Amino acid sequence: MLEVKQVSKLYENQRGVRHIDFSMNRGEIVGFLGPNGAGKTTTMRMITGYLNPTHGTITIDGMSMADHPKKARQQIGYLPETPPLYPEMSVRAYLQFIADLRGIPVREQKQRIGGVIERLGLEGRERQIIRSLSKGYKQRIGLAQAILHNPDLLVLDEPTSGLDPKQIIEIRQLIRELGENHTVLLSTHILPEINTLCNRVLIINQGSIVLDGQPDQLANTMGETFEVSLEVKGPREAVLAELRDTPGVGSVRELTGEPTALADAEAAAPDTAVTAEGETVKVVVASADKTDIRETLFYRMADKRYPIVSMKKESLSLEDIFLKLTTNESLDSAAADGGPTPEAEEAIPHA
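Position numbers for residues start from 1 in each chain and track the written sequence from start to end. In keeping with the model being predicted, local features are shown solely for residues with a pLDDT of at least 70 and side-chain atom pairs are shown and tallied solely at 80 or more, while totals for entire chains, interfaces and linings include all residues. Hydrogens and waters are ignored; side-chain quantities use all the structure's heavy atoms.

## Quick notes on helix α3 (residues 91-101)
Considered for burial, the residues of α3 that qualify are Val91, Tyr94, Leu95, Ile98 and Ala99. Within α3, the buried residues cover an arc of 140 degrees as seen down the axis, which keeps them to one side. Any pair of residues with heavy atoms lying within 4.5 Å of one another is described as a contacting pair. Here a helix means four or more residues in a row that DSSP labels H or I, a strand means two or more in a row labelled E, and each is numbered from the N terminus. Tucked inside the fold, the buried residues of α3 contact α4 (106-119) and α5 (135-147). Following α3 by one or two positions, Gly103 adopts a phi angle in the positive range, close to 75 degrees. Residue burial is assigned from relative accessible area. The probe radius is 1.4 Å, only protein chains are included, and a residue is buried under 20% of its type maximum, exposed over 50%, and partly exposed in between. Directions are taken from the helix axis to each C-beta atom, and the arc is the one they span.

Below you can see the structure in the form of structure tokens.
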């Protein structure tokens, strides 16, 4: 559906994007993440034809953006962070204007406009002036103009930015529904949206793609070891010693801040002796490599008659992965290399 091959956008003495390379299949919803100034907006503007790349090729449904820009753009619906609305127009007049711009045949316009109005919950607002609408409804109109010509690819830049919680839920549901019939490239700073909406995530940092994968598999990709949190019933020193001696275990870290059954019992009845039989130990156990050690731990503790009260696999959150990939270079070093800070990159003229 979309192929971005070795695309670069270079500016003299300024950071752009370099060697961006990825593809999207029909029906995917792909999250596009990156810190401010990483190159997200520049990349999206090249995909939508608003910027020409310095190097590389972009094809939409087999059509080159460079060789067939008009036909390629007909396959794209674009919602920038600030919707391209005319506030003095009514909702229907604006969509009529967009239909004319998109070259939708006159005989089809009424049906198309009525269809997107119904789909995006704009019934009863058709005659309303756009400036009088809430931001949530303006986002809906922005989505309406993006899908009016029934494109194969939707490019959405921060579609829920500035919305209240109720509006965010509504727009996310709309995007999820749009993903059933369209390929969607979604840029966002709201990381939970990726887990909620997307079946794939791209992370860009300093102008390059640093990660491409499915959200539920990123933790395994990024994790250097396999970690599991345990609560084990038994004498503290004996349990810790057995865990450390278990084959395949690299380290054992006790969660000292967590209350144990022994501590709870002592607090409840300080004059009552509590035996080690009631004690539980909470730890995080890491494998020596990425091997799954849960079964080994289970049989080891069972053999020693130290029951495992709970066991949970630990994994990096999307926030952890994002920070790990995007905070490996200071702004000072970027400035020393002659490149702008992330904030400055967003201010680069895109013409």
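So that's the structure; there's more coming.
## Quick notes on the pattern of salt bridges
For this analysis, a salt bridge means a side-chain nitrogen from Lys or Arg found within 4 Å of a carboxyl oxygen belonging to Asp or Glu. Within the structure shown, the criterion is met by 13 salt bridges. We note a salt bridge from Glu108 to Arg112, for which the minimum N-O separation is 3.2 Å. Of the two residues, Glu108 and Arg112 both sit in helix α4, four residues apart, roughly one turn of that helix. Under the relative-accessibility criterion, Glu108 is labelled partly exposed at 27%. Of the residues examined, Arg112 reaches a relative accessible area of 28% and is grouped as partly exposed. Between Arg172 and Glu193 there is a salt bridge, with the nearest N and O atoms lying 3.2 Å from each other. A residue pair is termed long-range when its members are at least 10 positions apart, and Arg172 in helix α6 (residues 165-178) and Glu193 in helix α7 (residues 191-197) qualify at 21 residues.

## Topic: the confidence of the model for the protein
Known as pLDDT, the predictor's confidence for each residue is given on a scale from 0 to 100. Per-residue pLDDT for the protein has a mean of 81; in total, 82% of the residues score no lower than 70. The model gives residues 258-276 a pLDDT under 50, and that stretch makes 14 contacts with residues more than four places away or in other chains. Every residue in residues 329-351 is under pLDDT 50, and counting partners more than four places away or in other chains gives 30 contacts.

## Some points on the sheet that holds strand β10 (residues 208-213)
We treat two strands as partners when DSSP finds at least two bridges between them. On the basis of which strands lie adjacent, the open sheet formed by six strands has the order β6-β7-β8-β3-β9-β10 and mixed pairing. At either end of the open sheet lies a strand with only one pairing partner, and these are β6 (76-79) and β10. In this sheet, neighbouring strand axes are inclined to one another by 15 degrees on average, regardless of whether the strands run parallel or antiparallel. Where strand β9 (residues 200-205) meets β10, five bridges bridge the pair, whose relative direction is antiparallel. Looking at the pairing, Leu202 lines up with Asp212 of β10. To get an axis, fit a line to the C-alpha atoms, keeping to the stretch in contact for a helix; angles then go from 0 to 180 degrees between the N-to-C directions. Relative to strand β7 (residues 153-157), helix α1 (residues 40-47) is tilted by about 150 degrees, and along the sheet it contacts β3 (29-33), β6, β7, β8 (183-187) and β9.

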